[in-house]
Amino acid sequence: MEPNKDKVKGTINDFAGDLKERVGRATQNQDLENEGTIQKTKGKIQKVSGAIQDAVKQGQALLGIKSKKS
């Protein structure tokens, strides 16, 4: 199975957001820290979305249902 794009994007956003949070905290830049928190949350949501997509694909495979490509 190929990597899920949402999971990959989510991991990148989670990492980048964490980095922004840490830099914002270290430099006492509240705006950067908040931006990091938002980006990190976006990443977590993307990873969950990717996991759900994978679960649906696995369920379809178990049931013999062909998925529709958009």
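Below is a summary of the structure that appears in this document.

**Points about the pattern of salt bridges**
Point 1. Taken as a whole and assessed by the stated rule, the structure comprises eight salt bridges.
Point 2. A salt bridge links Lys7 to Asp54; the nearest nitrogen and oxygen atoms lie 2.8 Å apart. In this pair, Lys7 is assigned in helix H1 (residues 5–26) and Asp54 in helix H2 (residues 30–63), connecting sequence segments 47 residues apart.
Point 3. On the accessibility criterion, Lys7 (32% relative accessible area) is partly exposed.
Point 4. Among the ionic contacts, a cluster of salt bridges with common partners joins Asp18, Glu21, Arg22 and Lys40.

**With respect to H1**
Helical geometry note: an α-helix holds 3.6 residues per turn, so side chains three or four residues apart project in the same direction.
Point 1. For H1, with 22 residues, the first-to-last C-alpha span of 32 Å sits near the 32 Å given by 1.5 Å per residue.
Point 2. Every buried residue belonging to H1 is among Gly10, Asn13, Asp14, Gly17, Glu21 and Gly24, and all of these are buried. Taken down its axis, H1 places every buried residue within 110° of arc, on the same side. What points out from H1, more than 90 degrees from its buried face, is the exposed set Lys5, Ile12, Phe15, Arg22 and Ala26.
Point 3. Looking at where H1 begins, the residue whose side-chain oxygen comes 2.8 Å from the main-chain nitrogen of Asp6 is Asn4.
Point 4. Just beyond H1, the residue with positive phi is Gln28, at close to 55°.

About the cut-offs
Residues numbered from 1 in each chain as written. Predicted model: local features only at pLDDT ≥ 70, side-chain atom pairs only at ≥ 80, totals over all residues. Heavy atoms only, no water. Salt bridge = Lys/Arg side-chain N within 4 Å of Asp/Glu carboxyl O. Helix = DSSP H or I, 4+ residues; strand = E, 2+ residues; numbered from the N terminus. Buried < 20%, exposed > 50% of the residue type's maximum accessible area, 1.4 Å probe, protein only. Expected span 1.5 Å × (residues − 1). Arc of directions from axis to C-beta. Polar contact = N/O pair within 3.5 Å; in protein donor to acceptor, adjacent residues only side chain to side chain.

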